[in-house]
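Below are the chains, spelled out letter by letter.
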Amino acid sequence: AKDKTIDSLNLELRKTTQDTTRLRIYMALCDKCEIKDNLLYAEPAQKLADKLISKAKNDSLRKYFIHLKAETYLYYSAYYANTPISLKYLQQRFELYKQINDAEGIKISLIAVADYFENNGELFKRLETLKLGLEMEEKLKSNKGMSRFIVQIAFLYADQGDTTQAIEYLEKGAELEN
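Quick caveat, the model's predicted, so the values are computed rather than measured.

How each quantity is defined
Residues numbered from 1 in each chain as written. Predicted model: local features only at pLDDT ≥ 70, side-chain atom pairs only at ≥ 80, totals over all residues. Heavy atoms only, no water. Helix = DSSP H or I, 4+ residues; strand = E, 2+ residues; numbered from the N terminus. Buried < 20%, exposed > 50% of the residue type's maximum accessible area, 1.4 Å probe, protein only. Contact = heavy atoms within 4.5 Å. Areas by Shrake-Rupley, 256 points an atom, 1.4 Å probe, with all protein chains shown as cover. Lys, Arg positive; Asp, Glu negative; His and termini not counted. Charge placed at Lys NZ, Arg CZ, Asp CG, Glu CD. Expected span 1.5 Å × (residues − 1). Salt bridge = Lys/Arg side-chain N within 4 Å of Asp/Glu carboxyl O. Core = buried A, V, L, I, M, F, W, Y, C linked by side-chain atoms within 4.5 Å.

**Student:** Any chance you could explain the overall build of the chain here in plain terms?
**Tutor:** The helix and strand tally for the chain stands at nine helices and zero strands. Judged by the C-alpha coordinates and their principal axes, the chain covers about 60 × 35 × 30 Å. With 178 residues in all, the chain has 43% of them scored as buried. If you take every contact in the chain between residues at least 6 apart in sequence, the share linking residues at least 24 apart comes to 49%. With the model as given, the accessible surface of the chain reaches about 10,100 Å², and the carbon-plus-sulfur share is 52%. Of the side-chain charges in the chain, 27 are positive and 27 negative, and the distance between the mean point of each set is 9 Å.

Okay, structure coming up:
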């Protein structure tokens, strides 16, 4: 079924000439393909996003295309899985979301960077990244965002066997949710 979907999307890609539609198809292909094929679709998607960003007639469209470009970096990161190149793309994704002030994008990007550090055994850097996200959410006075980072910090402590710290952070997170 996956191959049929990819074949169908590739057929649509060959038929359409409209850049915005082509970009959306490339993004759908990135979602459907195997990780080993990510660059086949992410590279042209990123180039097309750059072209559309430069041609955007208004700020809303520009932000939309920057958002899609940021998402291409997630596919690059997955392709290079847990290597320094992967981290570079995750950090670029974070910077793009900061550029367009996309609060949700910033959150998920920072959590992805923190996950990279965890997967590479760099727990102190994971904690630093999560605390940076928490500070950003505190400035925004976003209880939901703060809670998300606090819970991630609690899981980090729980994974390290520090149940006292984990429980304290989980209680802080629960307070913010109420």
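There is more to say after this.
**Student:** Would you explain helix α9 (residues 163-177) in this entry?
**Tutor:** A turn of α-helix holds 3.6 residues, and therefore any two residues three or four places apart point the same way. Between the first and last C-alpha of α9 there are 21 Å, a value that for 15 residues agrees with the 21 Å anticipated at 1.5 Å per step. Contacts from the buried residues of α9 go to α7 (123-140) and α8 (143-159).

**Student:** Can you walk me through the pattern of salt bridges in this structure?
**Tutor:** It is possible for side chains bearing opposite charge to pair when their charged atoms get close. A complete count under the given rule lists 13 salt bridges for this structure. Residues Asp59 and Arg62 are paired through a salt bridge, measuring 3.0 Å at the closest nitrogen-oxygen approach. Here the residue Asp59 and the residue Arg62 both occupy positions in helix α4 (residues 59-79), the gap between them amounting to three residues, near one helical turn. Taking the relative accessible area as the measure of exposure, Asp59 reaches 40% and is therefore partly exposed. Given the relative accessible area of 27%, Arg62 is considered partly exposed.

**Student:** I tried to follow the environment of Cys33 on my own but got confused; where do I start?
**Tutor:** Its location among the elements puts Cys33 in the loop between α2 (19-32) and α3 (38-55). Along the primary structure Cys33 and Asp3 are separated by 30 residues, whereas in three dimensions their C-alpha atoms are 8.3 Å apart.

**Student:** Please explain the nonpolar core as it appears in this structure.
**Tutor:** What tends to happen in soluble globular proteins is that the nonpolar side chains get buried as a cluster. Counting 46 residues, the largest nonpolar core has Leu23, Leu29, Tyr41 and Ile153 as its most contacted members. Considering every element that reaches this core, the biggest residue donor is α3, with eight residues. Residues in contact with Tyr41, not counting those within four places in the same chain, are Ile6, Asn10, Tyr26, Leu29, Cys30 and Cys33. Counting residues in hydrophobic clusters, the runner-up holds six residues, among them Leu87, Leu90, Val113 and Tyr116.

**Student:** What is the right way to look at the environment of Pro84 in this model?
**Tutor:** Here Pro84 shows up in helix α5 (residues 84-99). For Pro84, a relative accessible area of 65% puts it in the exposed group. Along the sequence, Pro84 and Lys15 sit 69 residues apart, while their C-alpha atoms lie 37 Å from each other.

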